[in-house]
Amino acid sequence: DGFDYVEALRRCLETLSERERHVLDLRYAQKKSRAEMARLCEMSGDGVKSLLRRIRAALAKCIKGRLALEGP
């Protein structure tokens with residue numbers, strides 16, 4: 001259910017590096033554009049895009065694994 005998913009997400013976020021959590025905060029909490037994120041993180045726009053993709057893929061895999069472990 002939704003609670004299980006949110007709990008899995010919370011736990012998976014804890015596994016990310018400080019940098020990865022910072023990038024997610026900039027994008028989703030602060031609603032920064034990719035260009036602004038690139039400037040703040042001293043990265044290229046494509047670098048930010050790639051990093052976000054890797055983070056989202058890692059979170060999806062982690063969440064799927066946690067939900068499978070906790071199961072019905």
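Computed from a prediction, not measured in an experiment: that's the story for all the values here.

Moving on, we come to helix 3 (residues 34-41). Those residues of helix 3 not exposed but buried are M37, A38 and C41. Taken down its axis, helix 3 places every buried residue within 100 degrees of arc, on the same side. Facing away from the buried side of helix 3 by over 90 degrees, the exposed positions are A35 and R39. Tucked into the core, helix 3 has its buried residues touching helix 2 (18-29) and helix 4 (45-70). Taken from the residues just after helix 3, E42 is the one with a positive phi, measuring 55 degrees.

Moving on: a positive patch on the surface. A cluster of basic residues, R27, K31, R34, K49, R53 and R56, forms a positive patch at the surface. Considering each element in turn, the positive patch owes the most residues, three residues, to helix 4. Position of K49 relative to the elements: it lies in helix 4.

With that settled, the discussion passes to the pattern of salt bridges. By the definition in use, this model includes four salt bridges. R11 is the partner of E7 in a salt bridge, and the nearest nitrogen-oxygen pair spans 3.0 Å. Pair noted here: E7 and R11 are both in helix 1 (residues 2-14), with a separation of four residues, about one helical turn. The exposure class assigned to E7 is buried, which follows from its relative accessible area of 19%. Residue classification places R11 among the partly exposed residues on the basis of a relative accessible area of 35%.

Parameters and conventions
Residue positions within a chain follow its written sequence, with the count starting from 1. The predicted origin of the model limits local features to residues at a pLDDT of at least 70 and limits the giving and counting of side-chain atom pairs to 80 or more, whereas totals for whole chains, interfaces and linings rest on all residues. By convention in this description, side-chain values take in all heavy atoms of the structure and omit both hydrogens and water. Remark: exposure states derive from per-residue accessible area (1.4 Å probe, protein chains only) relative to the maximum for the residue type, with buried under 20%, exposed over 50%, and partly exposed in between. A helix here means a DSSP run of H or I that spans at least four residues, while a strand means a run of E at least two residues long, and both kinds are numbered starting from the N terminus. What the arc measures is the spread of directions leading from the helix axis to the C-beta atoms. We call two residues in contact whenever any of their non-hydrogen atoms come within 4.5 Å of each other. A patch consists of residues exposed above 30% relative accessible area that lack any salt bridge, with like charges linked at up to 9 Å and nonpolar side chains (Val, Leu, Ile, Met, Phe, Trp, Tyr) linked at up to 5 Å. Each accessible area is a Shrake-Rupley result for a 1.4 Å probe, and residues are judged covered by the shown protein chains and nothing else. In the sections that follow, a salt bridge refers to a side-chain nitrogen of Lys or Arg positioned within 4 Å of a carboxyl oxygen of Asp or Glu. Charge assignment: positive for Lys and Arg, negative for Asp and Glu; neither His nor the chain ends contribute. Where a charge lies is defined by one atom per residue type: Lys uses NZ, Arg uses CZ, Asp uses CG and Glu uses CD.

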